[in-house]
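# Summary of the model geometry
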Amino acid sequence: MSEKGLLTGSFFMQGDIACAEGAIVAGCRFFAGYPITPATEIAQRMAERMPQVGGTYIQMEDELASMNAVLGASWAGVKAMTATSGPGFSLMMENLGLGIMTETPCVLVNVQRGGPSTGLPTLVAQGDMMQARWGSHGSYEIIALSPSSPQELFDLTIRAFNLSERFRTPVLVMTDAEVGHMTEKVVIPPAEEIEIVPRRKPRVPPGDGYQPYLPDEDLVPPMAVAGEGYRIHITGLTHDERGYPSTSDDSAQWPLIQRLVNKIRLYRDEIIQVEELNLDDAEVVVVSYGIAARAAMWPIELARREGIRVGMLRLITVWPFAEEKIRDLAPRVRAFVVPEINWGQMALEVERCAAGRAPVYLVPHPGGDIHKPERVLAAIRRAVA
Amino acid sequence: MSEPIRYMEVNSRGVTEVTQERHPMNALLREERLPHIWCSGCGIGTALTCFISALLKSGLDLDKVVVVSGIGCTGRVAGYVQLDSFHTTHGRAIPFATGLKLANPELKVVVFSGDGDLVTIGGNHFIHAARRNIDMTVICVNNFNYGMTGGQHGATTPVGSITTTTPYGNYEHPFNLPYLAAASGAVYVARWTVLHVRRLEKALGEALAKRGFSFVEVISPCPTNFGRWHKQRTGLDTLKYYHEKGVIRHGADPKNVDIELGGEIVEGKFLDIEKPTFLDSCAGIVRKAIES
Ligand SMILES: Cc1ncc(C[n+]2csc(CCOP(=O)(O)OP(=O)(O)O)c2C)c(N)n1
Ligand code: SF4
Ligand SMILES: [Mg+2]
């Protein structure tokens, strides 16, 4: 461990722990959470680590409180995170919306488990993907990342912090019980080799006409925080560039919602990351993410041995969705196969973008386990039959 | 006081020039946001005035004072103060404020919100912040109902009160807020009606100066939605009622300060004790553990 309390080197590390360490490397110095399997280890690690790096850990009374404490901490100028699973994720939705509306950088990790309701507390699922996209009320864009390994959970937690600062918005890390509880090799590079995006600060001193929601050219406004003398007013109501409520007609709603959507949508190329495997000659493309993508590797290999030209598009960024990729592939492939540990969520997006030009075969799973290889293989075979 | 503000108002009668005297509190109000949304006779403005006077006398660095509100008529306070201010979600001002305070202990954090917001939907956060003794001042404007949404009953509505959701009279037992705060762990607890502006201002000053979870309940008229059902059609009627029913009893056991419909309203400072704050305890215990 370095003098500053940062880890560097090669470790045999659980996914949840890697997530916590990634956050620390990214500069997270505030964690508020509420215990829930399979995300608890993140909170436990943060309880131990935050004091060591000069940060604050607090176990709140529930997830509503956790999400709000994280927003408050971010407005005090500190990078902040919370971590939860399905039931807590549901409780966070209203205040995720507050974070989006007030453009508050922060990171929310969902270690997904089987649902609905209390569901399967210790077992894997990917059932919250659409909730991640649409779970809070109103119109907005969201950024969500999905790791397939502890190493990637480490890397993507850092990236989540960076994207949240770059775009001034909450970013979701949509992992799952399998990746969160898996222990694997995790390499943590020296801190100076890791890119960290700092907060975009006002370029005028207090009293010089700073407006909290006057955006830069890229639609992201610089952010003054509490205690700096800017005397900002921040509200979840529809507001103008001064941050003042403007709710008697739709005159502020139009530019605000368009900007909140476009600051992400127009820059999606910068955000979207995918992994492409054998797409050049593919007649069938498996589209998947997180642990489901990893579980699909073996059936893909088996299918290729049978002579079926299968490729894989792994979504690392799940939201915004890699629309262009699917649109490009659709006319030149025979089918898409989408294994996911839910009853069809991202498959709907694939279908929407394929727009009838290629059939989409969902390989559903209700949660509780990863797909058996034969089920994915059967879907691939059917796709070329 | 500075120059009056002049502006043109356009309405159905045409264009008129309006001269508006500057508000005496203008140093701490966002004048460009006035007039405020509150009804005439509402007590929230008085509570805010007392708060601003207390703040101006407090000697606090105003650049470090943050006001956090939830949602409701009282929740709009955050939008009128010329301070760093946050208008959050319904019931969640306290956890938001907790994040602010713990992430930057230099801030003086004030939560200013309504009874429904703070102790009905937000009751869980209220008791836990008090239990942890988070260093913040919580000002609760209690008008015994949900003013903003049209006068429904909540966790402070006295038994027997008529509201839009208790058309036959309220049959739920209300919280006694000073008792709730004290039992949960607050270090300063006071209650005043908006009739007693000097005392209210003094209490707010003491609460601001206190380290730890300080709580001031401000009993306040809502003629529009609560008074109208209780023979108090105007704010003045309610102030007269406070004059008649209010009794000052400093040091009263918070257990005994329930408010009943038509009953006395006990006012005063009920609690003022010392206790390590969340951050004090955290620093002490964690430092010891890490060093050993
Ligand atoms: C989650 C949620 N539920 C309901 C509402 C609607 N709502 C807005 S203000 C309010 C009650 C406010 O009452 P109180 O805190 O007593 O404030 P007052 O208006 O009386 O000052 C309610 C229920 C909301 N904004 N959010
Ligand atoms: S409804 Fe009641 S609380 Fe709200 S502004 Fe009017 S008088 Fe005040
Ligand atoms: Mg009220």
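Just so we're clear, the structure is a prediction, and the values are computed from it rather than from any experiment.

Before going further, it helps to spend a moment on the nonpolar core. Core analysis: the biggest nonpolar cluster contains 98 residues, and Phe30(A), Trp75(A), Phe336(A), Val68(B), Phe86(B) and Leu100(B) have the highest contact counts within it. Taken domain by domain, this core gets at least three of its residues from each of domain 1 (9-193) and domain 2 (276-384) of chain A. With 52 residues, the next largest nonpolar core counts Leu6(A), Ala26(A), Ile42(A) and Tyr57(A) among its residues.

Turning our attention to the site of ligand 2. Around ligand 2 sit Trp38(B), Cys39(B), Cys42(B), Ile44(B), Cys73(B), Asn143(B), Gly147(B), Cys222(B), Pro223(B), Thr224(B) and Asn225(B), and that is every residue in its neighbourhood. Here the shell around ligand 2 is composed, by residue class, of seven nonpolar, four polar and no charged.

This part is about empty space enclosed by the protein. Rolled over the atoms, a probe as big as a water molecule pinpoints where empty space is left. Residue and element names in this part refer to chain B. Counted under the stated rule, the structure contains three cavities of 30 Å³ or more. In this structure, the largest cavity encloses a volume near 80 Å³. As for the largest cavity, its lining consists of Asn 142, Phe 144, Thr 156, Pro 174, Phe 175, Asn 176, Leu 177, Arg 191, Glu 217, Val 257, Asp 258 and Ile 259. Classifying every residue of the lining of the largest cavity gives six nonpolar, three polar and three charged.

Right, let's get into the coordination of the magnesium ion (ligand 3). Residue and element names in this part refer to chain B. The protein atoms that coordinate the magnesium ion (ligand 3) are Asp 115 (OD), Asn 143 (OD1) and Asn 145 (O), at distances spanning 2.1 to 2.2 Å. One chain supplies every donor to the magnesium ion (ligand 3), and in sequence these donors are spaced D-x27-N-x1-N. One end of the pair, Asp 115, is in helix H3 (residues 115-121); the other, Asn 145, is in the loop between strand S6 (136-142) and helix H5 (177-184), with 30 residues separating them in the sequence. Using a relative accessible area of 2% as the deciding quantity, one classes Asp 115 as buried.

A few words now on the site of ligand 1. Near ligand 1 there are 16 residues, and of these Cys73(B), Thr74(B), Asp115(B), Asp117(B) and Gly147(B) occur at the shortest range. More than one chain approaches ligand 1, the contributing ones being chains A and B. For ligand 1, an oxygen atom lies 2.7 Å from a polar atom in the backbone of Cys73(B). Backbone polar atom of Gly147(B) to an oxygen atom of ligand 1: 2.8 Å apart, as the coordinates give it. Considered on its own, ligand 1 offers 590 Å² of accessible surface; in the complex 77% of this is hidden by protein. It is H3(B) that provides the largest number of residues to the shell around ligand 1, a total of three residues. Classifying every residue of the shell around ligand 1 gives four nonpolar, nine polar and three charged.

All names here are of chain A. In this structure, Arg 45 sits in helix H2 (residues 40-52). In this structure Arg 45 comes out as buried when scored by relative accessible area, which is 18%. Among the polar contacts made by the side chain of Arg 45, one reaches the side chain of Glu 21 at a distance of 2.8 Å. Not counting chain neighbours up to four residues away, the residues in contact with Arg 45 comprise Leu 7, Met 13, Ile 17, Ala 20 and Glu 21.

What follows covers the pairing of strand S15 (residues 335-339) of chain A. Residue and element names in this part refer to chain A. Taking burial as the measure, the five residues of S15 include five buried ones, the bulk of the element. Neither face of S15 is open: one carries Ala 335, Val 337 and Pro 339, the other Phe 336 and Val 338, and all of them are buried. As judged from the three bridges shared by strand S12 (residues 284-289) and S15, these two strands associate in the parallel manner. Bridge pairing links Val 284 to Ala 335 in S15. When S15 meets strand S16 (residues 360-363), the two strands line up parallel, connected through four bridges. Considered in S16, the bridge of Val 338 is made with Leu 362. One crossover worth recording links S15 to the parallel S16 by way of helix H12 (residues 346-354), and it is right-handed.

On to the environment of Gly243(A). All names here are of chain A. For Gly 243, the position within the fold is in the loop between strand S10 (233-235) and helix H8 (253-265). Residue class for Gly 243 comes out buried when judged on its relative accessible area of 0%. Considered as a pair, Gly 243 and Thr 102 are 141 residues apart in the sequence and their alpha carbons are 8.9 Å apart. Those residues in contact with Gly 243 that lie beyond four places of it in its chain are Tyr 213, His 233 and Thr 235.

Attention shifts here to the packing of aromatic side chains. Across all of its chains, the model carries twelve aromatic pairs over all chains by this definition. An aromatic cluster is defined as three or more aromatic residues linked by ring pairs; in this entry it consists of Trp75(A), Phe86(B) and Phe96(B). Directly above the aromatic system of Tyr140(A) lies the positively charged group of Arg133(A), at a separation of 5.9 Å from the ring centroid. When the ring centre of Phe167(A) is taken as reference, the NZ or CZ atom of Arg166(A) above it lies at 4.1 Å.

Calculation criteria
Residues numbered from 1 in each chain as written. Chains lettered and ligands numbered in written order. Predicted model: local features only at pLDDT ≥ 70, side-chain atom pairs only at ≥ 80, totals over all residues. Heavy atoms only, no water. Core = buried A, V, L, I, M, F, W, Y, C linked by side-chain atoms within 4.5 Å. Buried < 20%, exposed > 50% of the residue type's maximum accessible area, 1.4 Å probe, protein only. Domains from an automatic or database assignment. Near = heavy atom within 4 Å. Nonpolar A, V, L, I, M, F, W, Y, C, P; charged D, E, K, R; others polar. 1 Å grid on protein atoms, 1.4 Å probe; cavity = no way out; pocket = protein on both sides within 12 Å on 5 of 7 lines; lining within 4 Å. Points joined across faces, edges and corners; volume = space filled by probe spheres on them. Donors = N, O, S within 2.8 Å, 3.2 Å for Na, K, Ca; no water. Helix = DSSP H or I, 4+ residues; strand = E, 2+ residues; numbered from the N terminus. Polar contact = N/O pair within 3.5 Å; in protein donor to acceptor, adjacent residues only side chain to side chain. Areas by Shrake-Rupley, 256 points an atom, 1.4 Å probe, with all protein chains shown as cover. Contact = heavy atoms within 4.5 Å. Pairing = 2+ DSSP bridges. Right-handed = clockwise from strand over helix to strand, strands pointing away. Phe/Tyr/Trp six-rings, centres within 6.5 Å; stacked < 30°, edge-to-face > 60°. Lys NZ or Arg CZ within 6 Å of the ring centre and 35° of its normal.

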